[in-house]
Amino acid sequence: MFVTPSYLRKSLLASLHTLETQGFDITGQEQRLAALPDSQDALTDFARQLLRLPLRKDWPYAEPVSWEEIQRE
């Protein structure tokens, strides 16, 4: 089964909102997503870039990722 660009776009928008509730800075990302063409490649590249979004500077919680970071916390 192939995922349509429309479905992928909706999934990415939902992911953005989830990332926002988890403290990530999604400023400008909804506009970037809306401006992308209906291309699997473009949407997949956008999805990969979401992995590098920074936490908001005002996020009050520690969010360790690696085992070492978890141990330090």
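Higher on the page you've got the structure.
Quick caveat, the model's predicted, so the values are computed rather than measured.

Parameters at a glance
- Residues numbered from 1 in each chain as written.
- Predicted model: local features only at pLDDT ≥ 70, side-chain atom pairs only at ≥ 80, totals over all residues.
- Heavy atoms only, no water.
- Salt bridge = Lys/Arg side-chain N within 4 Å of Asp/Glu carboxyl O.
- Helix = DSSP H or I, 4+ residues; strand = E, 2+ residues; numbered from the N terminus.
- Buried < 20%, exposed > 50% of the residue type's maximum accessible area, 1.4 Å probe, protein only.
- Phe/Tyr/Trp six-rings, centres within 6.5 Å; stacked < 30°, edge-to-face > 60°.
- Arc of directions from axis to C-beta.
- Contact = heavy atoms within 4.5 Å.

Caption draft 1: Representation of the pattern of salt bridges. Going through the model one piece at a time under the given rule, you end up with three salt bridges. Among the salt bridges present, the one from Asp-45 reaches Arg-48, with a minimum N-O distance of 3.4 Å. Note that Asp-45 and Arg-48 are positioned in helix α3 (residues 40-50) at a spacing of three residues, about one turn of the helix. Note on Asp-45: relative accessible area 41%, which makes it partly exposed. Residue Arg-48 is classed as partly exposed on the basis of its relative accessible area, which comes to 49%. For the salt bridge of Asp-58 with Arg-56, the shortest nitrogen-to-oxygen distance reads 3.1 Å.

Caption draft 2: Seen up close, the packing of aromatic side chains. The tally for this structure, following the rule as stated, stands at one aromatic pair. Summarising the aromatic geometry, the rings of Trp-59 and Tyr-61 are spaced 5.2 Å apart at their centres and angled 70 degrees between planes, so their arrangement reads as edge-to-face. Its relative accessible area of 18% is what places Trp-59 among the buried residues.

Caption draft 3: Geometry of α3. Those residues of α3 lying buried are Ala-42, Leu-43, Phe-46 and Leu-50. Down the axis of α3, the buried side of the element spans an arc of 95 degrees, and every buried residue falls inside it. Where the residues of α3 are buried, they touch α1 (5-21) and α2 (29-35).

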